[in-house]
Amino acid sequence: MLAITVNKYFFSRLFPTTSFLKEVFIIFFMSNLKSRLMEWNTGEIFRGPLKIQENLLKKIIKENENTSYGKRNSFSKIDSINAFQERVPIIEYSSIEEEINLIKEGEENILTRDPIVYFATTSGTTSQSKFIPLTEKRYPDFIYENQFWFGYAIKQANEALSGKILYFTGNKEEGVTEEGIPYGPISGFVASKQKKRLKDKVATSNRVLEAKDFNEKMEIMADETLSQDIRTIAFSYPIEIILFHKYLKETKGIEKLKDIWPNLSLVGCFKKSLEDSQLENILGKGVCIQDHGIRASEGTISIGYSGKGRAGIPAIQQTFLEFLEEDSKDSNSVKLINELEENKRYNVLLTTFDGLYRYNIKDIVKVVGRKGKLPLLDFEGRSNTLDINGEHSPYYQIEVAVKKAQKDSGIQFEDYTVFPNKENLVPYYEIVLGGEETSPEKTRDFLEEFDNNMKSNVSSYKRMRNEWSRLDFPKATLIHSEKYDNLNKERIIREGQPKHIHVSENLKLKDRLLQ
């Protein structure tokens, strides 16, 4: 009873809606809170983030000190953040792939004390999926993150409290390991685990989760939702809403989603992939579009809190976060949450309850402001680099160069992927564009703009192009946009909520697009 009273007071201060809406919000969101959600206090989060982070790290380390990984890295001797950083190495997926394989084979107490109950599969720039381990502790975190996000969202769109939610999600699972551990897209698995009270708010049934064919999934979603009062739509990447809108337009003649759902007031998505104005062309006017934050299968970095911009609040109660300056080569110069500087870019390291310790997720974030003592983080891109002949071009800089070149040249295309092409003596960047037929002159203008943008933003690319002639002028290959649509439909079924693949070294993907 005390927990409900405390949280009623907190939410009445934080979200000043009508008393009825406040009560609905309290009943809906408070019923499934875990005890540790009582720590959610705005003063503590925004005034003492480092203390919260230190306490979280100690819990993670203490809980897993008797695992194989914990013993190897002397978790039992770690009593501070400094000791943690001295004893535990920075890792990537390949660093723990052997441990992951042991878990898949049925071994326990390898990375975590708690059993691994699911593997979230991720893929994108490489052809091989990663298997990210999850324990039962991840589920309360998902609930908490959604409550935090929605709590801020209803301050801007409290109409969303009523009506139903259309949630884009993948299948529950792709398969199981030999020892019976299920694996698949994280979105479908989380949706299948939601408590009944939240399921009552979701407009679609389990038939959507179980559909293995994209057109079947779209048909079920349309049949189940067109007559309902949809007020919130949630999806990770714009691929889903773009293809769903195309389906509705082609089969039902629907121009904008507000034409069928006039009370639609809130959309949650990853905003970096699409401008608000582009989403408005699909949704209609008057919809609050709030970024969902940087939330990956590996762990949550930030949670969106505003319909303006893309900045998010660091998820300091779920993930222990460390930061490496983007251009730093010194792994010892790690920054903590209280040491970040505005307008600087950082690579992010995650430590979680699910067996990832100082894991380099290869996401780059930029500090764009502050809320109390907490830095506000914006996703800049991936820290992966494309390196054919020594140019080391960051993926996100390639994406920036393409986006600016498209705007400045006026060329029209819906999707694209940049691939390395090493078929000639002097290699080059090949850009596969999904769109309608365009003139050779406009294509040439686009490529010149792209090349100049790359030279301006990546000094090593400029040297390889101008001084060393190690890279040739980029080339473009135009394909019909339907080829990207068909690929993305398959990926939605397979992966649930796929990211755009804007840079890739997976030549099988290129062959698939060009066939």
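Residues numbered from 1 in each chain as written. Predicted model: local features only at pLDDT ≥ 70, side-chain atom pairs only at ≥ 80, totals over all residues. Heavy atoms only, no water.

## Topic: the overall build of the protein
What counts, and what does not: The helix count covers DSSP runs of H or I at least four residues long, the strand count covers runs of E at least two residues long, and both are numbered beginning at the N terminus. The classification of residues rests on relative accessible area computed with a 1.4 Å probe and restricted to protein chains. Under 20% of the type maximum is buried, over 50% is exposed, and intermediate values are partly exposed. By the convention used here, residues are in contact when the closest approach between their heavy atoms is within 4.5 Å. Surface exposure here means Shrake-Rupley accessible area, sampled with a 1.4 Å probe, where a residue is shielded only by the protein chains that are shown.
Secondary structure summary: the protein contains 19 helices and 20 strands in total. Per-residue burial over the protein gives 55% buried out of 515 residues. Taking the intrachain contacts of the protein between residues at least 6 apart in sequence as the baseline, contacts between residues at least 24 apart amount to 63%. Carbon and sulfur atoms provide 46% of the accessible area of the protein, an area that totals close to 23000 Å².

## Looking at the sheet that holds strand β1 (residues 118-122)
Let me state the cut-off plainly: One bridge is not enough; two strands pair if DSSP finds at least two bridges between them.
Spatially, the four strands line up as an open sheet ordered β2-β1-β5-β4, and their pairing is mixed. Across the chains shown, the open sheet's two edge strands, defined by having one partner strand only, are β2 (130-134) and β4 (175-176). Across five bridges, β1 lies against β2 in antiparallel orientation. The partner of phenylalanine 119 across the bridge, within β2, is proline 133.

## Comments concerning the environment of serine 439
We apply this condition: Pairs of N or O atoms within 3.5 Å make up the polar contacts considered here, provided that, within protein, one atom can donate a hydrogen while the other can accept it, and that residues adjacent in sequence are counted only when both atoms are side-chain atoms.
Relative to the elements of secondary structure, serine 439 occurs in the loop between β19 (428-434) and α16 (440-457). Judged by relative accessible area, serine 439 falls into the partly exposed class, the value being 32%. C-alpha of serine 439 to C-alpha of isoleucine 411: the two residues are 28 residues apart in sequence and 9.0 Å apart in space. Among the polar contacts listed, one links the side chain of serine 439 to the backbone nitrogen of lysine 442, at a separation of 3.1 Å.

## Quick notes on the nonpolar core
Applicable threshold: In plain words, nonpolar cores are sets of buried Ala, Val, Leu, Ile, Met, Phe, Trp, Tyr and Cys residues tied together by side-chain atoms within 4.5 Å.
Counting residues in each nonpolar core, the largest one holds 78 residues, and the members touching the most others are Ile45, Phe119, Leu266, Ile301, Ile313, Phe323 and Val348. Ranked by the residues each element gives to this core, the list is headed by helix α8 (residues 138-156), at nine residues. If sequence neighbours within four positions are ignored, phenylalanine 323 has contacts with Ser333, Val334, Lys335, Leu336, Ile337, Leu340, Tyr346, Asn347, Val348, Val365 and Leu377. Core analysis: the next-biggest nonpolar cluster, separate from the first, contains 32 residues, Phe168, Ile220, Leu243 and Leu248 among them.

## A look at α16
Where we set the bar: A helix's residues, less one, multiplied by 1.5 Å, set its expected span.
If you check α16, its first and last C-alpha atoms are 26 Å apart, about what 18 residues at 1.5 Å a residue would give, namely 26 Å. Those residues of α16 that fall on the buried side of the exposure criterion are Thr443, Phe446, Leu447, Phe450, Asp451, Asn453, Met454 and Lys455. The inward-facing, buried residues of α16 contact β17 (393-394), α15 (395-409), β19, α17 (459-467) and β20 (475-479).

## Examining the packing of helix α12 (residues 214-225) against helix α13 (residues 238-252)
Our working definition: A fitted line through C-alpha atoms serves as each axis, taken over the contacting stretch for helices, and the angle formed by two N-to-C directions is quoted from 0 to 180°. Comment on the angle field: the value is read as roughly parallel under 35 degrees, roughly antiparallel over 145, roughly perpendicular from 65 to 115, and oblique elsewhere. In this classification, Asp, Glu, Lys and Arg are treated as charged, Ala, Val, Leu, Ile, Met, Phe, Trp, Tyr, Cys and Pro as nonpolar, and every other residue, Gly included, as polar.
α13 packs onto α12 with a crossing angle of 75 degrees between their chain directions and a minimal axis gap of 11 Å. The angle between α12 and α13 falls in the class roughly perpendicular. For the pair α12 and α13, contact is made by Phe214, Met218, Glu219, Met221, Ala222 and Asp223 and by Leu243, Phe244, Tyr247, Leu248 and Lys252, respectively. A breakdown of the residues in the contact of α12 with α13 according to their chemical character gives eight nonpolar, no polar and three charged.

## What to know about the sheet that holds strand β18 (residues 415-421)
Strand order in the open sheet made by the three strands is β18-β19-β20, with mixed pairing throughout. Here the strands that pair on one side only, and so sit at the sheet edges, are β18 and β20. Here the strands of the sheet are splayed against their neighbours by 20 degrees on average, with no regard to which way each runs. As paired strands, β19 and β20 are joined by five bridges and run parallel to one another. Of the residues in β20, the one forming a bridge with isoleucine 431 is alanine 476.

## Let's talk about the confidence of the model for the protein
Stated precisely, the cut-off is as follows: pLDDT is defined as a per-residue confidence score from the predictor, taking values between 0 and 100.
On average, residues of the protein score 85 in pLDDT, and 86% of them reach the 70 mark or higher. The lowest-confidence element of the protein is helix α1 (residues 2-14), averaging 37 in pLDDT; the highest-confidence one is helix α5 (residues 68-72), averaging 98. Scored below 50 in pLDDT, residues 1-41 makes 55 contacts in the model with residues more than four places away or belonging to other chains.

## Here we look at the packing of aromatic side chains
Worth spelling out the cut-off: Between 30 and 60 degrees the pair is tilted, below 30 it is stacked and above 60 it is edge-to-face, where a pair is any two Phe, Tyr or Trp rings, Trp via its six-membered ring, whose centres lie within 6.5 Å.
Inspection of every chain in the model, using the stated rule, returns 17 aromatic pairs. Between phenylalanine 270 and phenylalanine 379 the ring centres are 5.3 Å apart and the planes differ by 65 degrees, which places this aromatic pair in the edge-to-face class. Of this pair, phenylalanine 270 sits in the loop between β7 (266-269) and α14 (276-283) while phenylalanine 379 is found in strand β15 (residues 374-382), placing the two residues 109 residues apart along the sequence. What makes phenylalanine 270 buried here is its relative accessible area of 8%. What makes phenylalanine 379 buried here is its relative accessible area of 13%. Considering the side-chain rings of tyrosine 429 and tyrosine 461, the 5.6 Å spacing of their centres and the 50 degrees angle between planes classify their relative orientation as tilted.

## Considerations on the pairing of β18
Among the seven residues that make up β18, seven are buried, leaving the element largely enclosed by the rest of the structure. Residues of β18 alternate between two faces, with Asp415, Thr417, Phe419 and Asn421 on one and Tyr416, Val418 and Pro420 on the opposite face, all of them buried. Pairing of β18 with β19, which is carried by seven bridges, proceeds in the antiparallel orientation. Note that in β19 the partner of asparagine 421 across the bridge is tyrosine 428. Linking β18 back to β19 in an antiparallel pair, the connection comprises six residues.

## Points about the pattern of salt bridges
Using the following cut-off: Salt bridges, as used here, are contacts in which a Lys or Arg side-chain nitrogen is within 4 Å of a carboxyl oxygen on Asp or Glu.
Counted according to the given criterion, the structure contains 25 salt bridges. Residues arginine 113 and aspartate 114 are paired through a salt bridge, measuring 3.6 Å at the closest nitrogen-oxygen approach. Across the pair glutamate 255 and lysine 249 runs a salt bridge whose closest N-O atoms are separated by 3.6 Å. Each of the salt bridges in this network shares a partner with another, and the network as a whole consists of Glu63, Arg113, Asp114 and Lys137.

## Brief notes about α17
The condition is simple: Arc definition: it is the arc formed by the directions from the helix axis to the C-beta atoms.
Inspection of α17 places Ser460, Tyr461, Met464 and Arg465 among the buried residues, and these make up the whole buried set. The buried residues of α17 occupy one face: seen down the axis, they fall within an arc of 130 degrees. Where the residues of α17 are buried, they touch β17, β19 and α16. Backbone geometry just after α17 places serine 469 at a positive phi near 55 degrees.

## Quick look at the side chain of asparagine 453
Note that asparagine 453 resides in helix α16. On the accessibility criterion, asparagine 453 (8% relative accessible area) is buried. Discounting residues that sit within four places of it in the chain, asparagine 453 has contacts with Ala401, Lys404 and Ala405.

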